[in-house]
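As a plain string of letters, each chain reads:
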Amino acid sequence: MQGWHELRHKQLWTGPRRGLNLPPVSLKKESKMIQNHLPSYLHPEQLGAWGIYLEQIDRVAPYLGHLSRWIETLKRPKRILIVDVPIELDNGTVAHFEGYRVQHNTSRGPGKGGVRFHQDVTLYEVMALSAWMSVKNAAVNLPFGGAKGGVRVDPRTLSRGELERVTRRYTSEIGLIIGPTKDIPAPDVNTNEQIMAWMMDTYSMNEGATATGVVTGKPIALGGSLGRKDATGRGVFTVAEEAARRIGLDLKGARVAVQGLGNVGGVAARLFAQAGSRVVAVQDHAGTVYNEAGLDVPALLAHVAQHGSVQGFGSAESLSMDRFWQVPCDILVPAALEQQITAANAHQIQARMVIEGANGPTTPEADDILHERGILVVPDVIANAGGVTVSYFEWVQDFSSFFWSEDEINARLVRIMREAFESIWKVADEHKVSLRTATFIIACTRMLQARELRGLYP
Ligand code: NAD
């Protein structure tokens, strides 16, 4: 009969190996291997966006000096919560949705990152997005770690009441680990300020006290910040200005193609048009519109607000989805979903620079192709950091109950984005690496310095 300790060791040591289909080895031999086994939830064949993130970390490791001893910290989320979200539908039946909240790293401060409602959301995707939030927050030097959440649901199939019930049940379930000093959600794909209001209310009701600082991206009337709605698009535009200046591209008259005309792409397109650029192509989930002379962006935004998509917009040619990537332009802004620029279309891209509004829109192979072709890529982890920067302002304002003017917010945002871009540009130049690797060098150094200074507890 085996003793409890033996049994416990056997389960601990053979479990993960069995999951990976590796031959059993003796306990003695494994005593060194235990610290290197993959977490059981990792299936090397299906990593998706998380696999891309791991590759990015591997690429940066050689630049981290003695801190690379802590690198494994960045390859494992600190905490993963998977929740069941049951709601009663309007027709009286009960539906179940799967929800996630992943806290990737909290060495530098509370977790921070959006919540996505999408029918294709997976745990790996949320893990990757949470890790990119860690990198992003560290890259712009905000006192936050990285986190992300999601619910596997197509919100377009829900009534308003059903959407509210999904939001409130999900918030209650993740209420165990979120909070103004623990982890602060925000909007992402298919979530908005109304959803943040419901999240704030649900958390506050459960806590018995109004906690405005538990989420950002709230309506102004509930402690939201001026400028938050436009912040990500404004940040995209700011880094585009900085990058354009360095490669001698005049934004006035520059041709811009934008994928995704939502919160990020819509604002960026508007600011490019205001700066005198020609927004020649826009693609969303339903179609692609093109006009060599430049699309009328305010009219296009109004069309989308009315019809839900760019499809059918007048005074523009309609293109097939694939043709979007071949459009002659100077600046390409992917601002929709991840893994859009791949080895299959990277050769066709005509732009001088790619500004990643979306998270993870470029696969590592495509990144290499663009690099070889001399196309400058401003990576997501800096290009779309404007949103979380103003989220940080919102959180600070909520804590101090003192609110700033929109001009103050925009000026501070632009200053932070410019300074971050400048330091990344310098590191890229110093090490002769891409802007992505440079951003990762800065961010990973900050995270691992914090890790080392804090030490391991207990
Ligand atoms: P959104 O829901 O407001 O807009 C998404 C847009 O993408 C819509 O125009 C939609 O039609 C389009 N789209 C969806 N699927 C598509 C497809 N298959 N092909 C082409 N277009 C498609 O979302 P958002 O808030 O603008 O976020 C866009 C991206 O930016 C996401 O990757 C998100 O993670 C990232 N991001 C958002 C913020 C923010 O503050 N909202 C901050 C940082 C990063």
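Being a predicted model, the structure only gives us computed values, none of them experimental.

### Considering the environment of E72
Right, so step 1: Examined against the element boundaries, E72 turns out to sit in the loop between α3 (49-60) and β1 (79-88).
Right, so step 2: Its relative accessible area of 36% is what places E72 among the partly exposed residues.
Right, so step 3: Sequence-wise, E72 and R165 are 93 residues apart; in three dimensions their C-alpha atoms are separated by 38 Å.
Right, so step 4: At 3.0 Å, the side chain of E72 forms a polar contact with the side chain of R76.

### Thoughts on a positive patch on the surface
Right, so step 1: A contiguous patch of positive charge on the surface is contributed by K78, R79, K182 and R454.
Right, so step 2: When you line up the elements, R454 lands in helix α14 (residues 435-454).
Right, so step 3: A relative accessible area of 57% places R454 in the exposed class.

### So, the packing of helix α4 (residues 123-139) against α14
Right, so step 1: At a closest axis distance of 8 Å, the pairing of α4 and α14 adopts a crossing angle of 90°. Looking at the two axes, α4 sits roughly perpendicular to α14. Across the interface between the two elements, W132, S134, V135, A138 and A139 of α4 pack against T439, F440, A443, R446 and M447 of α14.
Right, so step 2: A breakdown of the residues in the contact of α4 with α14 according to their chemical character gives seven nonpolar, two polar and one charged.

### A short note on the sheet that holds β1
Right, so step 1: Taking strand neighbours across the sheet as the criterion, the five strands line up as β1-β2-β4-β3-β5 in an open arrangement whose pairing is mixed. The sheet terminates laterally at β1 and β5 (183-187), the two strands that pair on one side only. The sheet shows a mean angle of 20° between the axes of neighbouring strands, taken without regard to direction.
Right, so step 2: In terms of strand pairing, strand β2 (residues 94-105) meets strand β4 (residues 146-152) through six bridges, oriented antiparallel. Bridge pairing links N105 to G146 in β4.

Quick notes on the rules
Residues take numbers from 1 onward in each chain, read along the sequence in its written order. Only residues with pLDDT of at least 70 are given local features in this predicted model, and only at 80 or more are side-chain atom pairs given and counted; all residues enter the totals for whole chains, interfaces and linings. As a rule here, side-chain values come from all non-hydrogen atoms in the structure, and water together with hydrogens is ignored. Each helix is a run of H or I in the DSSP string that is no shorter than four residues. Each strand is a run of E no shorter than two, and both are numbered from the N terminus. To sort residues, take the accessible area from a 1.4 Å probe on protein chains only and compare it with the maximum for the residue type: under 20% means buried, over 50% means exposed, and anything in between is partly exposed. The term polar contact refers here to a pair of N or O atoms within 3.5 Å; inside protein, the definition further demands a hydrogen-donor-capable atom paired with an acceptor-capable atom, and it admits residues adjacent in sequence only when both atoms are side-chain atoms. Excluding any residue in a salt bridge, patches collect residues exceeding 30% relative accessible area, merging like charges within 9 Å and nonpolar Val, Leu, Ile, Met, Phe, Trp and Tyr side chains within 5 Å. Note on areas: Shrake-Rupley, 1.4 Å probe, and residue coverage restricted to the protein chains presented here. One side-chain nitrogen of Lys or Arg within 4 Å of one carboxyl oxygen of Asp or Glu is enough to make a salt bridge. Charge assignment in this entry is limited to Lys and Arg as positive and Asp and Glu as negative, and neither His nor the chain termini are counted. Throughout, a charge is located at the NZ atom of Lys, the CZ atom of Arg, the CG atom of Asp or the CD atom of Glu. Helix axes are fitted to C-alpha atoms over the stretch in contact, other axes to C-alpha atoms as well, and angles between N-to-C directions run from 0 to 180 degrees. Each angle is binned into one of four classes, with values under 35 degrees roughly parallel, values over 145 roughly antiparallel, values of 65 to 115 roughly perpendicular, and all other values oblique. Should any heavy atoms of two residues lie within 4.5 Å, those residues are counted as being in contact. The nonpolar class holds Ala, Val, Leu, Ile, Met, Phe, Trp, Tyr, Cys and Pro. Asp, Glu, Lys and Arg form the charged class, and all remaining residues, Gly among them, are polar. Strand pairing is assigned whenever DSSP detects at least two bridges linking the two strands.

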